[in-house]
Amino acid sequence: MKVNQIMTKDLTAVDEEISVRELIFILKNSELSNMPIVDAEGKLAGFISDKDVIKAALPGYFEMLHSTSFIPDMNQLSNKLAKIADNPIKTYMHRDVICLKEDDDDLQAADLIIRRNVRSLPVINSAGKLVGILRRIDLLRHLL
Amino acid sequence: MIITVTPNPSLDKVYWVDRLKIGDQTQEEFLTRATRSHMSAGGKGVNISVFLARMGVENVAMGFIGGHVGQVVVRDLRNEGVSTNFVWVEGETRTNVTILERGREYVPIQLNEAGPQISQGASERFLRRYGRILPDADWMVLAGSLPPGLDSDFYYKLAKETGAKVVISAGGEALSRSLDAAPYLVKPDTRQRLAMEGARLTSRERIIAAGRRVIEQGVEVIIISHGVTGDIAISRDGIWDIKARISTTQFKNLVGADDALVGGIIYRLDEGAGFEEALRFGMAAAILSAEGDEKICHQRERIEAEMEQISVERYEEAA
């Protein structure tokens, strides 16, 4: 079966100029954990997840640590998040986005989702425009 | 591609009751129990999207959505096979309630909420998305009431210079201010048609005169309801009476019938059918929708069979 027959037909996407604050609002309301980013023509330009925002809010030294136990409390994260809240998401987005084509096979899609260990992947048409999103749960529902 | 815009979608809740107790009751009698209930995504454009999806037509529903109710609406649309492209806003998408009393289903009691306040920022986000999808649109359907916060020229802004065939199904100022954008097809809200141009459009002559004035503004076709089982279509090329040979007492649920009419017409025109054929199909879809409990009839075979009950007659050569 083709990806466009099993994907979620959701075209919710943002442009790279929106703020981190707006992104959090949209992610929360749309019950998504990541969001495709499109250009002025609606072509897929990148991807950003809640994980990327958390990572951006963590102190700079965090990557050198192996445990959050070295961070005294949540205030540091909260303060950092407040500082970046009005920054455009283009600072934190991924431009090298992995995506599926709408006529890809379901097996191909499952393979990519498992190998890349991602929850969902954007789906584009032959013109490079976003036409939906394929989530792990869409695959499972399709297989059952 | 067909795009529908519903600025103020809703969750439609329909309750069926044996008898609606209103008036002087004792406290014991005050409760009215529904015998059945049904819940579905609603709003004019949303209903048209669902109709088209059930006919197998790919389409995208756009608009503003908010809160838990908004999540239910979007989920319902996706389950119907409609592609969703909504802007999330603060507040809660409205819930519209219809109560149908047994034996009096043709006079439904409706309670519609106003909808969430749309901020300037949300409106701008929507316009950016609209601009991105517009080049892909063959048909652009702008339908329903406007939520608080949107200017009454919202549809005018969306309809002008689109390159797509624009259909507007709305009422009040949202409709009247959009006419200068010269949309292809206009369907004034049946519930508000009497207020059109401040005239009481009760007679056939007045309907035609009002319709002609709209055509003079550059609109290609206007369809105005004339009674519950008849519509009048007016275009530059002529006037058509669309009539259903059916009694209104057979109606069970009028909610969504207007949307089935518009959806049916667009569906057949998009398939390449002739104008009269599309009118008959649309009216048949509307009548079947009104005759059934379900909001919108989606069985093409049944609609085609119902077309036997519909007549479309040309009234004169030129409007």
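If you're wondering where the values come from, they're calculated on a predicted model, not measured in any experiment. (Residues numbered from 1 in each chain as written. Chains lettered and ligands numbered in written order. Predicted model: local features only at pLDDT ≥ 70, side-chain atom pairs only at ≥ 80, totals over all residues.)

### Focus on the overall build of chain A
The helix and strand tally for chain A stands at 6 helices and 5 strands. Along its sequence from the N terminus, chain A presents helices and strands in the succession α-α-β-β-α-α-β-α-β-β-α. The long-range fraction of contacts in chain A, counting pairs at least 24 apart against all pairs at least 6 apart in sequence, stands at 61%. (Helix = DSSP H or I, 4+ residues; strand = E, 2+ residues; numbered from the N terminus. Contact = placed C-beta atoms within 7 Å.)

### Structural notes on the packing of helix 5 (residues 106-116) of chain A against helix 6 (residues 136-143) of chain A
Residue and element names in this part refer to chain A. Closest axis-to-axis distance for the helix 5/helix 6 pair is 11 Å, and the angle between their directions is 135°. The orientation of helix 5 with respect to helix 6, classified from their angle, is oblique. Crossing geometry of helix 5 relative to helix 6 is assigned as left-handed. Note on element contacts: helix 6 touches helix 5 through Arg136, Leu139 and His142, opposite Asp106, Ala109, Ala110 and Ile113. For the contact of helix 5 with helix 6, a count of residues per class yields 4 nonpolar, 1 polar and 2 charged. (Axes fitted to C-alpha atoms, helices over the stretch in contact; angles between N-to-C directions. Parallel < 35°, antiparallel > 145°, perpendicular 65-115°, else oblique. Left-handed = near helix turned anticlockwise from the far one by under 90°. Nonpolar A, V, L, I, M, F, W, Y, C, P; charged D, E, K, R; others polar.)

### Thoughts on the sheet that holds strand 6 (residues 94-101) of chain B
All names here are of chain B. The strand order across the open sheet built from 4 strands is 3-2-6-7, with neighbouring strands paired in mixed fashion. At either margin of the open sheet sits one strand with a lone partner, and together these are strand 3 (34-42) and strand 7 (109-112). Averaged over all pairs of adjacent strands, the angle between their axes in this sheet comes to 15°, without regard to strand direction. As judged from the 8 bridges shared by strand 2 (residues 10-17) and strand 6, these two strands associate in the parallel manner. (Pairing = 2+ DSSP bridges.)

### Some remarks on the nonpolar core
All names here are of chain B. Formed by 122 residues in total, the largest nonpolar core has its most connected members in Val141 and Leu142. With 10 residues, the single largest contributor to this core is helix 8 (residues 275-291). Contact partners of Leu142, with chain neighbours within four places excluded, come to Val5, Tyr155, Leu158, Ala159, Val166, Ile168 and Ala170. (Core = buried A, V, L, I, M, F, W, Y, C linked by C-beta atoms within 7 Å. Buried ≥ 20, exposed ≤ 12 C-beta atoms within 10 Å, placed from the backbone.)

### Things to note about the interface of chain A and chain B
If you look at the interface, chain A gives 16 residues, while chain B gives 11 residues. Element by element, the count of residues in the side of chain A that touches chain B is highest for helix 2 (residues 20-30) of chain A, at 4 residues. For the side of chain A that touches chain B, the per-class residue count stands at 5 nonpolar, 6 polar and 5 charged.

### Points about the pairing of strand 9 (residues 165-170) of chain B
It is a general feature of regular strands that their side chains alternate between the two faces of the sheet. Residues and elements named next belong to chain B. With 5 of its 6 residues buried, strand 9 lies for the most part within the structure. Viewed along the sheet, the connection from strand 8 (residues 139-143) through helix 4 (residues 154-159) into strand 9 turns out right-handed. One ladder, built from 4 bridges, connects strand 9 with strand 10 (residues 185-188); its direction is parallel. Each residue of the ladder has a partner; that of Ala170, found in strand 10, is Pro188. (Right-handed = clockwise from strand over helix to strand, strands pointing away.)

### Let's talk about the sheet that holds strand 5 (residues 130-135) of chain A
Residues and elements named next belong to chain A. Read across the sheet, 3 strands follow the order 3-4-5 without closing on themselves; strand pairing throughout is mixed. The outermost strands of the open sheet, each flanked by one partner alone, are strand 3 (100-101) and strand 5. Across 2 bridges, the pairing between strand 3 and strand 4 (residues 120-124) is parallel. Bridging from a neighbouring strand, Leu100 pairs with Val123 of strand 4.

### Considerations on the confidence of the model for chain B
On average, residues of chain B score 89 in pLDDT, and 92% of them are at 70 or above. With pTM at 0.90, the complex prediction returns an ipTM value of 0.85. (pLDDT = per-residue confidence, 0-100.)

### Description of the packing of helix 1 (residues 44-54) of chain B against helix 7 (residues 257-270) of chain B
Residue and element names in this part refer to chain B. Here helix 1 crosses helix 7 at 50°, and the two axes come no closer than 9 Å. If you check the angle between helix 1 and helix 7, you find them oblique. Read as a crossing pair, helix 1 and helix 7 show a hand that is right-handed. Taken together, the residues of helix 7 that come into contact with helix 1 (itself represented by Lys44, Asn47, Ile48, Phe51 and Leu52) are Asp259, Ala260, Val262, Gly263 and Tyr267. Per-class residue counts for the contact of helix 1 with helix 7 are 6 nonpolar, 2 polar and 2 charged.

### Observations concerning the environment of Thr4(B)
Residues and elements named next belong to chain B. Structurally, Thr4 can be placed in strand 1 (residues 2-6). C-beta crowding within 10 Å serves as the criterion here: with 33 such atoms nearby, Thr4 is assigned to the buried category. Between the C-alpha atom of Thr4 and that of Val167, which follows or precedes it by 163 residues, the distance is 9.2 Å. When near neighbours in sequence (up to four residues on either side) are disregarded, Thr4 contacts Gly45, Ile48, Ser49, Asn59, Ala61, Met62, Val141 and Ala143.

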